Each structure stands twice: as structure tokens, then as C-alpha cells.
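Each chain is listed here by its residues.
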Amino acid sequence: MDDLPLHKIAISGPTLASMIQRFASSPGTVDGLLFGHVTHITPSNLSDDSSPSDSSTHVVATITGFLCSGTTHSFYDSCGLVEPLSLRRLVGDLENQHSLIGWFSGRRKTNLRPSLREFSVTASLACNTHLSFPVRNALSPTNLAPCVFLLIASPSQDQTIHTHEYRAYQFRTSMDSFEPKSIDIVNIGPAFRGHYGSFSPNSPFPILPCELGTSPMSEDQNDDCLGRMKQVSKDQSDLDMCAEGFDVGILNRLMGSEAVNYTAGLENLYSKMLIKLESLSRLVEKSSAKVLEQFSCVN
Amino acid sequence: MSAESVPPLISAQLNYLINHFPLLVKIEQMWSGNKYNPGILDRFTLVIPYCLDFLRWDIIYDSELPLSAPDVIFGAEDEAFHSFVLRGGEERGNVRSAKNCLSDWNSKDPTRLMVLVQQLRDLYMSYQRRRVGEVDDDRLKFEISTIVFREGIEMHMSSGFDKPEEVKFAVPLLDLNLNKMVPGCPWRHQQKIYLQVVYPVGRKYVSAPSAPRLKLGSTSELKTLFSIEDVKLPPWLDGMCMAEYLPHLEESLEKQVLEAVSLIDVRRRFIEALAFSFGRPVEADPVFCRRATFLAASGAFTFLVHFFISTQFPKQQPVLMLQSSQHNNSQGAPIKSPHVTEYPWSPRWEPSRMAERIFEFLVEEALNFKRQCNEAQLQH
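Everything quoted here is computed from the prediction, not taken from an experiment. (Residues numbered from 1 in each chain as written. Chains lettered and ligands numbered in written order. Predicted model: local features only at pLDDT ≥ 70, side-chain atom pairs only at ≥ 80, totals over all residues. Heavy atoms only, no water.)

Chemist: Describe the overall build of chain B, and please don't skip the residues or the numbers.
Modeler: Each helix and strand in chain B was counted, giving 8 helices and 13 strands. Out of the 380 residues belonging to chain B, those deemed buried represent 46%. Expressed as a percentage of contacts within chain B between residues at least 6 apart in sequence, the contacts between residues at least 24 apart total 54%. Looking at chain B as shown, the accessible area adds up to about 19500 Å², and 53% of this sits on carbon and sulfur atoms. (Helix = DSSP H or I, 4+ residues; strand = E, 2+ residues; numbered from the N terminus. Buried < 20%, exposed > 50% of the residue type's maximum accessible area, 1.4 Å probe, protein only. Contact = heavy atoms within 4.5 Å. Areas by Shrake-Rupley, 256 points an atom, 1.4 Å probe, with all protein chains shown as cover.)

Chemist: Just give me the short version of the overall build of chain A, but keep the residues and values in it.
Modeler: Check the secondary structure of chain A and you find 8 helices and 10 strands. For chain A, the residues scored as buried account for 36% of the 299 residues in total. In chain A, of all internal contacts separated by at least 6 residues, the share reaching a separation of at least 24 is 70%. Here chain A displays about 17700 Å² of accessible surface, and carbon together with sulfur accounts for 57% of that area.

Chemist: Account for the interface of chain A and chain B, with residues named and values stated.
Modeler: Between chain A and chain B, the residue contacts involve 28 residues of the former and 31 residues of the latter. Counting each side, the surface lost to burial between chain A and chain B is near 2500 Å², with a carbon and sulfur contribution of 56%. Among the residues of chain A in contact with chain B, Pro27, Arg113 and Leu116 of chain A are the three that bury the most area, contributing 26% of the side total. Our enumeration of links across chain A and chain B arrives at 10 residue pairs in polar contact (both at pLDDT 80 or more). With 6 residues, the single largest contributor to the side of chain A that touches chain B is helix 4 (residues 116–127) of chain A. Residues belonging to the side of chain A that touches chain B are distributed by class as follows: 7 nonpolar, 14 polar and 7 charged. (Buried area = accessible area lost by both parts, 1.4 Å probe. Polar contact = N/O pair within 3.5 Å; in protein donor to acceptor, adjacent residues only side chain to side chain. Nonpolar A, V, L, I, M, F, W, Y, C, P; charged D, E, K, R; others polar.)

Chemist: Give a detailed account of the pattern of salt bridges, specifying residues and quantitative values.
Modeler: All names here are of chain A. Inspection of the entire model under this criterion finds 15 salt bridges over all chains. Here Glu179 makes a salt bridge to Lys181, at a shortest N to O gap of 3.1 Å. Neither residue differs from the other here; Glu179 and Lys181 are each classed as buried. For Arg282, the salt bridge is made with Glu278, and the minimal N-O distance between the two is 3.6 Å. Of the two residues, Arg282 and Glu278 are both situated in helix 8 (residues 259–298); the distance of 4 residues between them amounts to about one turn of the helix. Classification of Arg282 as partly exposed rests on a relative accessible area of 46%. Each member of the salt-bridge network shares a partner with another, and the members are Arg172, Glu179 and Lys181. (Salt bridge = Lys/Arg side-chain N within 4 Å of Asp/Glu carboxyl O.)

Chemist: Could you give me a rundown of the packing of helix 1 (residues 8–20) of chain B against helix 4 (residues 112–133) of chain B, with the residues and numbers involved?
Modeler: Residues and elements named next belong to chain B. Axis separation between helix 1 and helix 4 bottoms out at 7 Å; the angle between their running directions is 55°. By the angle between their axes, helix 1 is oblique relative to helix 4. For the pair formed by helix 1 and helix 4, the contact residues are Gln13, Leu14, Tyr16, Leu17 and His20 on the first element and Arg112, Leu113, Met114 and Val117 on the second. (Axes fitted to C-alpha atoms, helices over the stretch in contact; angles between N-to-C directions. Parallel < 35°, antiparallel > 145°, perpendicular 65-115°, else oblique.)

Chemist: Explain the sheet that holds strand 6 (residues 166–173) of chain B to me, using residue names and the numbers behind them.
Modeler: Residues and elements named next belong to chain B. Spatial ordering of the open sheet is given by 5-6-7-8, a layout of 4 strands whose pairing is antiparallel. Each edge of the open sheet carries a strand with a single partner, namely strand 5 (154–158) and strand 8 (213–218). Between one strand axis and the next, the sheet turns through 20° on average, direction left out of account. Judged from the 5 bridges that link them, strand 5 and strand 6 form a sheet pairing that is antiparallel. Paired with His156 across the two strands is Lys168, which belongs to strand 6. Most of the contacts of helix 4 go to strand 5, to which it runs at about 60°, and overall it touches strand 5 and strand 6. Set on the sheet, helix 7 (residues 242–278) makes contact with strand 6, strand 7 (193–200) and strand 8; between it and strand 6 the angle comes to about 40°. (Pairing = 2+ DSSP bridges.)

Chemist: So, the packing of aromatic side chains: which residues are in play, and what are the values?
Modeler: Centre-to-centre distance and the angle between the planes together describe a pair of aromatic rings. Counted by the stated rule, this structure contains 37 aromatic pairs over all chains. On the numbers, 5.0 Å between centres and 35° between planes, the contact of Trp236 of chain B with Tyr245 of chain B is tilted. The burial state of Trp236 of chain B is the same as that of Tyr245 of chain B; both residues are buried. Seen from their ring centres, Phe294 of chain B and Phe307 of chain B are 5.7 Å apart, and the 90° between their planes marks the pair as edge-to-face. Placement of the pair is Phe294 of chain B in strand 10 (residues 291–298) and Phe307 of chain B in strand 11 (residues 301–308), with a sequence separation of 13 residues. Given a relative accessible area of 0%, Phe307 of chain B falls into the buried group. Every member of this aromatic cluster is reached through a ring pair, and the members are Phe270, Phe278, Phe294, Phe307, Phe313, Tyr343, Trp345, Phe359 and Phe361 of chain B. A cation over an aromatic ring shows up here: Arg108 of chain A above the ring of Phe23 of chain A, its NZ or CZ 5.4 Å from the ring centre. (Phe/Tyr/Trp six-rings, centres within 6.5 Å; stacked < 30°, edge-to-face > 60°. Lys NZ or Arg CZ within 6 Å of the ring centre and 35° of its normal.)

Rendered as C-alpha cells:
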């Protein structure tokens, strides 16, 4: 198997933030899988320096999504061997859309160093040849096994400031060791516009499950269920009224090349919403003034 | 917040480890990784002796899943040890056991943590031995080839960005069971004396290799019998190697240890001689005979006399301390005299003569001490 060294590991700010959030809100240690892709990037060298540089091509792993198990030992045993069945159950059909590029572990109040078990899990994952996936834009067809490991920890000493630390590693099967890699956080904003040029998000918008809370088997609760469904559809139509024809699906056009055309439209929608909110708050102000007036009259 | 406590299953394993590990293992700190119950301690830093130094390993249990096996975080400089553990070390059989221990973890078996730590430490020993073996230094290669067969030898390769590379050896000396040499020995851990030998690595341009740094070390409890600080190391001659140096050192050390053991009886006879003049001791150390306390009286003034007897007795005279039974200081503690070493003494006297002269000295000294006590009490 090929053992390409990664140049860096890229992750979008929201993905990292929601990963940290999942860790922070869980009662104990958590683990999970990382999805994304590994791409060969030839950076455009704008300098006229003609010296030959061997770093002309970069291999970058981009984390586009993750799956948090909410617990630990979710796809491996206590000595760190991957259990293929549990892994398949955890991944489900996600792997049809994304490649599994690695895993992460979040543990509270520990040193930010890989532990014995984390090392074994990563090594075991990287040995699984059937999990390997093709590197995009590679000069020659290359496959890479899931070798990325992201470690999140909160410091063991500091009690007063709530912090989370993270560090990324690539497991190199040829050297049987972890190599620390820099994490590139891709964010929205003027400072990061350059990043977006080469950043191609491909993850669809996450499915937002609308939990109705009842199982279809329980007949007695059917009325309740219907009532709730009505409520949900009413809420939706209320929302649609506010959004004036902008449905959630359109939002994903905001990413990618055609984004410019849509931002104007969305900004327009936002300013309209703001005006509505303002008039609403004025109404509230007036009515509460009246209430206050009547109240003082009664007294 | 509830009081801090270790979950029972974990505490049983920890206690077993502390009480049954062949070496003195300590818990440096304990803390909680639990979000909602910060009183449940499930993380520990173990301090494990290795090569006359200490390994600090974090043992990470999960109080949310108390039945699952713990995880271990090794020291920052031992990143490469992971893959060594994974591959099961040099010998195949060894490896299996450490992994087996984790894979069929039984949290109800209190011996498990100790077995795990023991296996990991053994692996660490062979890991360091391999690292030292890979060092490209002819002199070291030669030294290793001559002493590697010594039982219990430990090696350590230290390297860092700011430190020069060094190879440390901890060579156990004397093939004697020191614990068995002391009748009624209270030591739980096997006592050992080690020689630490530190070689600098890779100074190829040095024509005449310098002497390594040498230091004697021992397990901590041994110092009640024998103080290694008093041992004078023989000089390391030019061009010497460990295999030449060690026999001389061991020979002289063995003599000194045997003498130290025989000195226990000399001290015992001295304490017995004291009993003729002072009466039965109130308290005495029956195993090493390093201390004894007698009750004495001068007229109506009663006081205790503490004798602290060094391992160098009778060359070094005992240190005396008087403690009044009738005077307390402002904190309510009995008034004690400073250590007394200025009194008539000769190491060549018979024990009975030593005891008589001390008794005579104390008859005088008791009056001084009584006056001091009275003055001290008047002041407050």
C-alpha cells in the first residue's frame, strides 16, 4: 500500500466546532469517524523564483464530515483492534458518499498525547486495506488507508478557563509511528477567501431529522401524532412565509462558484427580515407601554 | 460537590498494585475526568521506578464505563514505545500477554492493573535495551556485550533537543538477598544496591574515552541499615570497562554490607548495656537497633532520654536528646533539648563503659536541662 505523507489536514471551522461541541456535551470519553477526501494539490507558484522546489505538490486531507459515536470503544476492542462488524454498522451507508479517512478521540482532562489504545486503533485502521480510498488528482493512481487521527482533550490542570486542545496526526504504516500534522482551519470571511478558491465542499447539507417521537406501532397515540404533524406543517408554513420562497435547499448554492449570485439575494432577504423584526419590536414596545399605562391607572 | 473518592473496582486494583508490585510504586496525582461528578477520581499518574529514575505514566480509567479496561499515556519522550508494545516487543510471547491482558480485561479481578503495569514495564525494559543497542558507539557496544547477561540490569537512552545523548545503566550489585540478612526484616520490597553508569554518546573524535559518570544508588529503605553515601567508589582507571570495574566494587561493597549487618548486634549490645543503668527502655527499635528511649529521673524531675544511633556506631557516638515529662512549651508540646553530641566517648570502650559514662554525664546534664525547662516555662 502507498504511504503518502500528508502536507496538512484541512477542516472547516464549523465541522471542528461541532466536533468539539459533541465532545464537550458528552459525559465522558467519545470517539468517532472522520470522513472526507485526500487531494493532490499543485499550488500555483506566483513567484518567479526558478529554483526547483520538491514541495511543488501537496497532499492535503480534508475533513468534510464526522460521525460521533457518543461513547467509546465504538468500533474497536479494549486492546485497540478494529472490529470490522461494528465499524460497518457505525459507518452504515455513509461510506457510499464519503471516504473514511480516519477517526478521532476526545477525552477530558488528559495530556494531549496519543494513548496506547489510540495508537493501536489507528494502526489497526491503517492496516485495513479494504478501507483504502483513491487519492484525488493524483499523478498516478494512488490509494491511501484511513490514517488520520484527531485528538481532542481538555487540559488536566486548568480548572478556571474552559479550553479544548486538539492535535492531528497521520499514521505512517511504513514507519509504524504517528507524525504530527498541522491543522488548517478553513473559515468563511475575507481573510479566508483565498482558501475557498481551492476548497471544494462536497458534503450535502445534513439531513435535519424531524423526530415525531412516536413509533408507528403504537395505535393509541395516533391522534396525538396527527396533531403534532399538523403543528409541524403549520410551523413550516409560518417559516416559509418569513423566508418568502427561500427554502433550505437553496442554501447549498451558497457554496461553490455560483455563490456570488446568491449572496445578494440572501442579503436582501435578511434585510427584509430585519425590517420585519424591527416593526415587531416597535409594536411590542407600544403595547407594553399601553399595558403599563393601564396598570398605573388601576393603581 | 461530593467528597472525592475512587470507584470501588478501580480502587481495589490500585491498592493491589501499590501493595503487591515488587518495586515501590507511587501515585503522584489523582483527578477526575467526569463531567458531572468531579469527585469521582478515575485518572492517575503512576510513578514507577526505572533505571534509578522514574517513569510517569497516566492511567486513564473511565468512570462512565468502570468495567472497561484502562488506557495508558506514556511519557512525552517515549512516543516510539507505542509501536514496540503493539508489535509485542522483541519476543513474541511477551507481546501477547500485554495485549491479552487488555483484551480480556476483567474489572473484578484486582490483580489486573498490576499485571498490566508489570508487563508494560518489562516491555519498556526491552524497548530501552533495543534503543541502547542501536547506538553507534564502539565502546558502548563492547560494554553491553560484556554485561548484558547480568540479571536485572536496566538501560536507558536519554536524548532531547537540548540535552546531549547519554546512555544510562543501572547495574544491580551483589548477588545477596539483603532482606534475608537482617533477622526479623520488616522490608516489604526487595532491597538492592545499584551502580549508575552514564556514558556520553557519539564523541567519536575523542581519542581517549573519558570515565563514565558513576553514582551508587539504593532502594530507599536500605538506609536504615547501610548508607551508600558513606561508600567511597574506587577510581575508574583509563581504558577500564565495566566488567573490570564491577568485581572490585562488589568485593568491597560486600565487606561493607556484611559489616553493617554485624553492627546491628553491636548496637543491640549497647542498648542492652544502657538498660543496666537506665532500666528497661520505654521504646526501642528491635530490628535495626537505631533508636531507643529510656525514662530517667533526677530527684523529682522525670524526663525521657532518646538515643539516635547511626549506622556508623560505634565510630560515631549516639546523638542524645532529652525530653521533659513535666514541662510544656506554649504550643502544649513537651520541651526537648537540642541534640547532644558533646560528651565523653571512645569507640574502643566496652558497651558497659559507654553506658556508665553517658549515665554519669546525664546526672549533670539533667540539672542543666531542668533549669532550661523552668526558664522556658517562666517566659510564657
